[in-house]
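Reading the structure
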Amino acid sequence: EGEDWEPVDTTSLGRATWTFLHTLAANYPKKPTAVEKTRMMLFMAHFSDLYPCEVCQSGLKDIVTKTPPEVESNKTFTRWMCKVHNGVNEHLGKELFDCSKVDERWGVCESCKVYREDLNAFKNLI
Ligand code: FAD
């Protein structure tokens, strides 16, 4: 067993999940199509049903039901995600985050991008 095989708990799962959710929001299109909007609404509905943390679930489901995902644009969705996170922060007695700083804190993942040439090379292989 490696030394980094720490058991998962609400804290480590939460931190990793917020990284994923805010990065997902940062990558959401500025002008999403109807299909992209629906897909994100459905994703968040399924996500709140399936998030594997029982103590987190009731609060999360509550927030997503009361304030449905604002999927109109990148701006509304990143702000909505920030509000959801602040809802959890409040519930846990943590400091609230200034949502005007959300684009500074979370951005697109540069190393996640596939460069056009790599993509073409990959296409030639398959
Ligand atoms: P985190 O809250 O994990 O945040 C990580 C980083 O995000 C912060 O360091 C900060 O830079 C940034 N950040 C903070 N707030 C915001 C914001 N509003 N918008 C954008 N960026 C922000 N834990 C429980 O014990 N009980 C629960 O009921 C619970 N519910 C959760 C529900 C969900 C959907 C998720 C994803 C997690 C939940 N957690 C819950 C875990 C909890 O939210 C934290 O992730 C965990 O306590 C670790 O906190 P942290 O201080 O490392 O920062």
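Residues numbered from 1 in each chain as written. Predicted model: local features only at pLDDT ≥ 70, side-chain atom pairs only at ≥ 80, totals over all residues.

With respect to the overall build of the chain
- A count of helices and strands for the chain gives 6 helices and 0 strands.
- Ordered by position from the N terminus, the helices and strands of the chain form the series α-α-α-α-α-α.
- When its C-alpha atoms are laid out on the principal axes, the chain stretches across 50 × 45 × 30 Å.
- Split into buried and exposed, the 126 residues of the chain put 10% on the buried side.
- Sequence-distant contacts, at least 24 apart, represent 55% of the contacts inside the chain between residues at least 6 apart. (Helix = DSSP H or I, 4+ residues; strand = E, 2+ residues; numbered from the N terminus. Buried ≥ 20, exposed ≤ 12 C-beta atoms within 10 Å, placed from the backbone. Contact = placed C-beta atoms within 7 Å.)

Here we look at the nonpolar core
- If you look at the biggest cluster of nonpolar residues, it comprises 9 residues: A25, V71, F77, W80, M81, C82, V84, V102 and W106.
- When near neighbours in sequence (up to four residues on either side) are disregarded, V71 contacts P32, K37, M40, M41 and F77. (Core = buried A, V, L, I, M, F, W, Y, C linked by C-beta atoms within 7 Å.)

Considerations on the site of the ligand
- Near the ligand there are 21 residues, and of these G14, C56, C82, H85 and F97 occur at the shortest range.
- When contributions to the shell around the ligand are tallied by element, the ones reaching two or more residues are α1 (10-26), α3 (54-66), α4 (74-91) and α5 (102-105).
- Residue composition of the shell around the ligand, grouped by class: 10 nonpolar, 9 polar and 2 charged. (Near = placed C-beta within 6 Å. Nonpolar A, V, L, I, M, F, W, Y, C, P; charged D, E, K, R; others polar.)

Side note on the packing of α1 against α4
- At a minimum axis distance of 8 Å, the contact between α1 and α4 shows a crossing angle of 160°. The orientation of α1 relative to α4 falls into the category roughly antiparallel. Relative to α4, α1 is oriented so that their crossing is right-handed. In this structure, α1 contributes W18, L21, H22, A25 and A26 to the contact, and α4 contributes F77, T78, M81 and H85.
- Class assignment of the residues belonging to the contact of α1 with α4 gives a composition of 6 nonpolar, 3 polar and no charged. (Axes fitted to C-alpha atoms, helices over the stretch in contact; angles between N-to-C directions. Parallel < 35°, antiparallel > 145°, perpendicular 65-115°, else oblique. Left-handed = near helix turned anticlockwise from the far one by under 90°.)

Observations concerning the UniProt feature "domain: ERV/ALR sulfhydryl oxidase" (unreviewed entry) in the chain
- The residues that UniProt annotates with the feature "domain: ERV/ALR sulfhydryl oxidase" (unreviewed entry) are residues 6-106.
- Between the end C-alpha atoms of residues 6-106 the distance is 25 Å, and the span holds 68% helix and 0% strand. (UniProt positions renumbered as here; feature names shortened; annotations may be inferred.)

Looking at the environment of E95
- By the element assignment, E95 lies in the loop between α4 and α5.
- Along the backbone, E95 and I63 are 32 residues apart, and their C-alpha atoms lie at a distance of 18 Å.

Considerations on the packing of helix α2 (residues 34-50) against α3
- At their nearest, the axes of α2 and α3 sit 8 Å apart, and the two run at 155° to each other. Judged by the angle between their axes, α2 and α3 are roughly antiparallel. Taken as a pair, α2 and α3 cross one another with a handedness that is left-handed. Of α3, the residues touching α2 (which contributes M44, A45 and S48) are L60, K61 and V64.
- Taken together, the residues of the contact of α2 with α3 break down into 4 nonpolar, 1 polar and 1 charged.

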